[in-house]
Structure formats: C-alpha cells, structure tokens
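What follows is the residue order along each chain.
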Amino acid sequence: MSIVLFLAPFSVALGALGLAAFWWTLNNAQYEDPRGDAERILSDDPVSDRPFEDAPAQPQSPEA
C-alpha cells in the first residue's frame, strides 16, 4: 500500500510535466508550418522538403 502513496503523486507530476511541455510547444510556435504538411506530402520533388526554399537568393560577393 505504501507504493501507491509514492506512485500516485509521481504519476500526477509526470502528467503535469508532459502538459507543461505541450504548452511550451504551443507558445513557441512549434506547430506553425506556412507551407503545410498536406501540401508537402503531395509533392514528388524531394528538394521541396528543404527549409527556406522560398527565400530569395543571397547576393554573391565578387571574387577578388
């Protein structure tokens, strides 16, 4: 019976830790995806999975 007195608060604390981690991911925009997973999964081009694909190209510096 004494093990229940240890495991019950431990499981509640573990659940609260998981909930806090989920809340952190929501507040830090971990689920934001402007292109969308649905659009990316339909693409046959493996290059389209690169991040910042739509970003403008960086200007090249002149070589000396």
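Residues numbered from 1 in each chain as written. Predicted model: local features only at pLDDT ≥ 70, side-chain atom pairs only at ≥ 80, totals over all residues. Heavy atoms only, no water.

(A) Region of the structure containing the overall build of the protein chain. Within the protein chain, the secondary structure is distributed over 2 helices and 0 strands. Per-residue burial for the protein chain yields a buried fraction of 5% across its 64 residues. Carbon and sulfur atoms provide 65% of the accessible area of the protein chain, an area that totals close to 6,300 Å². (Helix = DSSP H or I, 4+ residues; strand = E, 2+ residues; numbered from the N terminus. Buried < 20%, exposed > 50% of the residue type's maximum accessible area, 1.4 Å probe, protein only. Areas by Shrake-Rupley, 256 points an atom, 1.4 Å probe, with all protein chains shown as cover.)

(B) Quick peek at the side chain of Thr 25. Note that Thr 25 resides in helix α1 (residues 2–27). A residue is classified by how much of its surface remains accessible, and Thr 25, at 16% relative accessible area, is buried. Those residues in contact with Thr 25 that lie beyond four places of it in its chain are Gln 30 and Tyr 31. (Contact = heavy atoms within 4.5 Å.)

(C) View of a nonpolar patch on the surface. On the surface, Met 1, Ile 3, Val 4, Phe 6, Leu 7, Phe 10, Leu 14 and Leu 17 cluster together to form a nonpolar patch covering roughly 900 Å² of accessible area. Ile 3 sits in the exposed class, given a relative accessible area of 51%. (Patch = residues over 30% accessible without salt bridge, like charges linked within 9 Å, V, L, I, M, F, W, Y side chains within 5 Å. Salt bridge = Lys/Arg side-chain N within 4 Å of Asp/Glu carboxyl O.)

(D) Examining unusual backbone geometry more closely. A positive phi is found at Ala 29, a non-glycine position, where the angle reads about 55°. In this fold, Ala 29 is placed in the loop between α1 and α2 (37–41).

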